[in-house]
Amino acid sequence: MADPSSSSSSSSSFQRSYDVFLSFRGEDTRKSFTAHLYKELRTKGINTFIDDDKLERGDVISSALVAALQNSKFSLIVLSENYASSGWCLEELVKILECMRTMGQRVLPIFYDVDPSHVRHHNGKFGEALAKHEENLRTMERVPIWRDALTQVANLSGWDSRNKHEPMLIKGIATYIWNKLFSRSSNYADQNLVGIESSIREIKSLLFTESLDVRMVGIWGMGGIGKTTLARAVYNQISHEFEACCFLENVSDYLEKQDFLSLQKKFLSQLLEDENLNIKGCISIKALLCSKKVLIVIDDVNNSKILEDLIGKHGWFGIGSRIIITTRNKQLLVTHGVNEVYEVEKLNDDNAVELFSRYAFKKAHPIDDYVELSQCIVVYAQGLPLALQVLGSFLFDKSKRQWESQLDKLKKIPKKEIQDVLRVGFDGLEDNERDIFLDIACFFQGHDKDYVMEILRSCGFFPDIGIRVLIEKSLISVVENKLMIHNLLQKMGWEIVREASPKEPGKHSRLWIHDDVNHVLTKNTGTKDVEGISLDLSSLKEINFTNEAFAPMNRLRLLKVYTLNFLMDSKREKCKVHFSQGFKFH
């Protein structure tokens, strides 16, 4: 946290140290409402300034306090019964309104157990306090300014605490500020919300928060498609409707570094609002939460045990509770018995261009000289938000020559930040599903599903269950009975094969690139690692190879030939190569 005293008023508009400045009458609310509000703001990660009495008091507001005020995006003013009795508070209010006029600071009043009209018209306790100030020689000249300030702040939109459930009011205020800071105003949030408004509406309709039952909704899709972004956006919009909320982000990654007890503690600490919660051994989540209306998001689930132990059954939570689960694995959702599953679709071309442009150009559209290059990136990304964001950020402020170089590189080597995310789904597969996925990626993109399954069976695989698993884990899809795979997932599969031996294609398990196949067959560099070859002869008039080329490939099970216009050297002896059981000439 920056030292407030180090910020000058002339530069404060560019050096905001705080998200929120809290103004309040200490003797009224310091140890009650304001303390709870401050804690909730901090819990949500909102950097909040509160005068903790360490700043020197006096007749004039200190420069340190002024700097903290000027370096804040929002001011929250808790207008309690005795607020106007403090000349200090009134001077602070005048300074806050000055920041609103001159610096664009957002000012939000909270009328705490007071009638807003009393503040506006200076009635009741407010009128009495101002009358006393007028009798004081030291403050009487300031009273007209204070009256005007009270009228101004009372005319602003804010919150009236009367007849409100105080914990819910505090949560609502903190959520409102959070949304304004991180879901509406920040560039990062704006970029992440491109093209997902209709998805947010659909998920909210599936949650049906008006109902008193407990509902669980799954958000399903491939890695990098925007599941977490969607879940966070929905969470931000509806969290104020619940007594307790919890967003556990990226739990699968968390459990690789921490044990489950640590995750459970984090889960309950958020819901019970107790950072010092002491958990030892088995604990009944149902007993703790069955009477609470909760909103829970469990993000990036890859193991059914997480769901069984954390959110169990619907009856574990109070009426009206909502649980959102994001995952790449649809079967986890089905098995756990969620009420609805929402499949996240890739962005359309217009939204993809906008999302990419917000990262690459910091605006909603490409600049003129980069339109065609941007379109090439969008085609490459095929609507995957992660790829658009990563590539946009990387290409920001780069020259056209550097853009062209990166595009050429992407044709051969995928971007690591993208591949690392996509690879998680592959790494969670069993051997049978891994082999099927790599065969589809290298040989069978867009092929008829039934025909491919026949080939896979003859290779000793189990495609009936294997292909279903790949679909459920968002690694492939079936469109009009054709096997389809996202461009970047296909490139990930290629990279997995290539990384086994980047410079020696003869050691790859699958060969599909023309130059690699040609090199291996004509130079006799194949090895026992080769399991399948896709031989594209459409651009060749002639290719010469002999049985020696296949001799080392004793695990070769699949040979796919596009055309038959090749010429084998008739002077060579006939091929006498033994292929492992299940070899299929396709």
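Residues numbered from 1 in each chain as written. Predicted model: local features only at pLDDT ≥ 70, side-chain atom pairs only at ≥ 80, totals over all residues. Heavy atoms only, no water.

Enquirer: What is the right way to look at the nonpolar core in this model?
Expert: Most often, soluble globular proteins have nonpolar side chains that are buried together. In this structure, F356 and F437 are the most contacted members of the largest nonpolar core, which totals 80 residues. Counting residues per element, this core draws most heavily on helix α22 (residues 431-444), which supplies eight residues. Leave out the neighbours within four places in its chain, and F356 touches F361, S374, I377, L388, L391, G392, L395 and W403. Counting residues in hydrophobic clusters, the runner-up holds 32 residues, among them F49, C99, V119 and L150. (Core = buried A, V, L, I, M, F, W, Y, C linked by side-chain atoms within 4.5 Å. Buried < 20%, exposed > 50% of the residue type's maximum accessible area, 1.4 Å probe, protein only. Helix = DSSP H or I, 4+ residues; strand = E, 2+ residues; numbered from the N terminus. Contact = heavy atoms within 4.5 Å.)

Enquirer: I keep staring at the packing of aromatic side chains and nothing clicks. Help me out?
Expert: Remark: the centre distance and the inter-plane angle together describe each pair of aromatic rings, the angle taken between the planes. The final tally for this structure, using the stated rule, is 13 aromatic pairs. Seen from their ring centres, F356 and F361 are 6.3 Å apart, and the 90° between their planes marks the pair as edge-to-face. For F356, a relative accessible area of 0% translates into the label buried. F361 gets classed as buried once you look at its relative accessible area, which sits at 12%. Plain terms: the ring middles of W494 and W512 are 5.8 Å apart, the flat faces sit at 35° to each other, and that makes the pair tilted. With W494 in helix α25 (residues 487-498) and W512 in the loop between β13 (510-511) and α26 (514-523), the pair connects residues that are 18 residues apart, well separated along the chain. According to the relative accessible area criterion, W494 is partly exposed, its value standing at 24%. A connected cluster of aromatic rings, assembled from ring pairs, spans F356, F361, Y370 and W403. When the ring centre of F247 is taken as origin, the NZ or CZ atom of R232, which lies over that ring, is 3.8 Å away. (Phe/Tyr/Trp six-rings, centres within 6.5 Å; stacked < 30°, edge-to-face > 60°. Lys NZ or Arg CZ within 6 Å of the ring centre and 35° of its normal.)

Enquirer: In this structure, what is going on with the pairing of strand β4 (residues 106-111)? I would like to understand it.
Expert: Two faces, one strand: in a regular strand the side chains alternate between the faces of the sheet. Burial analysis of β4 places five of its six residues in the buried class, the great majority of the element. Judged from the six bridges that link them, strand β3 (residues 72-79) and β4 form a sheet pairing that is parallel. Residue pairing for β4: L79 is matched across the bridge by F111. Tracing the backbone out of β3, into helix α4 (residues 87-103) and back to the parallel element β4 gives a crossover that is right-handed. Relative to strand β5 (residues 159-160), β4 runs parallel, the two being bridged by two bridges. Paired with I110 across the bridge in β5 is W159. (Pairing = 2+ DSSP bridges. Right-handed = clockwise from strand over helix to strand, strands pointing away.)

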